[in-house]
Each structure stands twice: as C-alpha cells, then as structure tokens.
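# What the coordinates show
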Amino acid sequence: MKVFNACVSAVLLLMSVLVSAAELPIRDISHIISKEMFLSYHNVADFIEDSPKVTVFVAPEADDIAKYGLDVMKTLTGSDCDRDGKMDSNSVCNAVFYTLWMKYQR
C-alpha cells in the first residue's frame, strides 16, 4: 500500500508540475540542497515546510480597515522554495521539488 500511495503521489505531483512548469522559470537549487538532504524529505509537503519563510506586506481589505483603523498593516507569510528571497506559490514549490527529484532520484 505504501508503494501505491507513493506512486499516486508522484503521478499527482508530476501532473501538477507539468501543467504549470511550462510557464515557470525553475531554478536548480541543487547547490543549496544536497542529495542527502533532499532524500530526507518524505514528500513535497516536508520540503515546503523546511523551506525558508518569507513575510510580505499586502494591502489591507476594507474589513481590516473597518476593524483596526486606517493605520492597519497586513502581512502574509509563505515559503521560499527556490531560495530567491520571494514567497513562492504552490506550483513553484512543486516544480522546484520535482526538479530536485528528477536530478537526485535517477
């Protein structure tokens, strides 16, 4: 059953990466993530969780302003999977993981 789940996860990961990979310039971060470190991740969720976190300021919504006043500041925190200092989408994180997976699993 574990092998089946791993195969299903790999297929789903591959499908999500292929859909968006054509649109994304994916950085090879193998000079940052060693093979040993990469193989320690159980799945893409572990990789994303272990990635550096980035916090960005976003515009407050009308509800935020009504509740907290005009001087309210709002932030979002997310993962920097490709280590470029910017918060990455799930598609970018999946594509970076897949790039490392292709490099280290073969």
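Presented here is an overview of the structure given in this document.

The rules behind each value
- Residues numbered from 1 in each chain as written.
- Predicted model: local features only at pLDDT ≥ 70, side-chain atom pairs only at ≥ 80, totals over all residues.
- Heavy atoms only, no water.
- Core = buried A, V, L, I, M, F, W, Y, C linked by side-chain atoms within 4.5 Å.
- Buried < 20%, exposed > 50% of the residue type's maximum accessible area, 1.4 Å probe, protein only.
- Helix = DSSP H or I, 4+ residues; strand = E, 2+ residues; numbered from the N terminus.
- Contact = heavy atoms within 4.5 Å.
- Phe/Tyr/Trp six-rings, centres within 6.5 Å; stacked < 30°, edge-to-face > 60°.
- Disulfide = S-S within 2.5 Å.

## Examining the nonpolar core
I29, I33, F38, F47, V96 and L100 are the most contacted members of the largest nonpolar core, which has 13 residues in total. Broken down by secondary-structure element, the contributors of at least two residues to this core are α3 (44-50) and α5 (90-105). A per-element tally of this core places α5 first, with six residues. Contacts of V96, omitting those with residues within four sequence positions, involve I26, I29, F47, C81 and D82.

## Considering the packing of aromatic side chains
Counting across every chain of the model gives six aromatic pairs. Both rings, one in Y41 and one in F47, keep their centres 5.5 Å apart while their planes meet at 80°; by these two values the pair is edge-to-face. Relative accessible area serves as the criterion here: at 11%, Y41 is assigned to the buried category. Under the relative-accessibility criterion, F47 is labelled buried at 0%.

## Notes on the environment of S89
Relative to the assigned elements, S89 resides in the loop between β2 (74-79) and α5. Remark: the alpha-carbon pair of S89 and G78, spanning 11 residues in sequence, is separated by 8.4 Å.

## Observations regarding the state of the cysteines
One pass over the structure, following the stated rule, counts one disulfide. The disulfide that involves C81 links it to C93, with 2.1 Å between the sulfurs. With the S-S dihedral at roughly 85°, the linkage between C81 and C93 falls on the right-handed side. Here C81, found in the loop between β2 and α5, pairs with C93, found in helix α5; they are 12 residues apart in sequence, far enough to count as distant. We note that C81, like C93, is buried.

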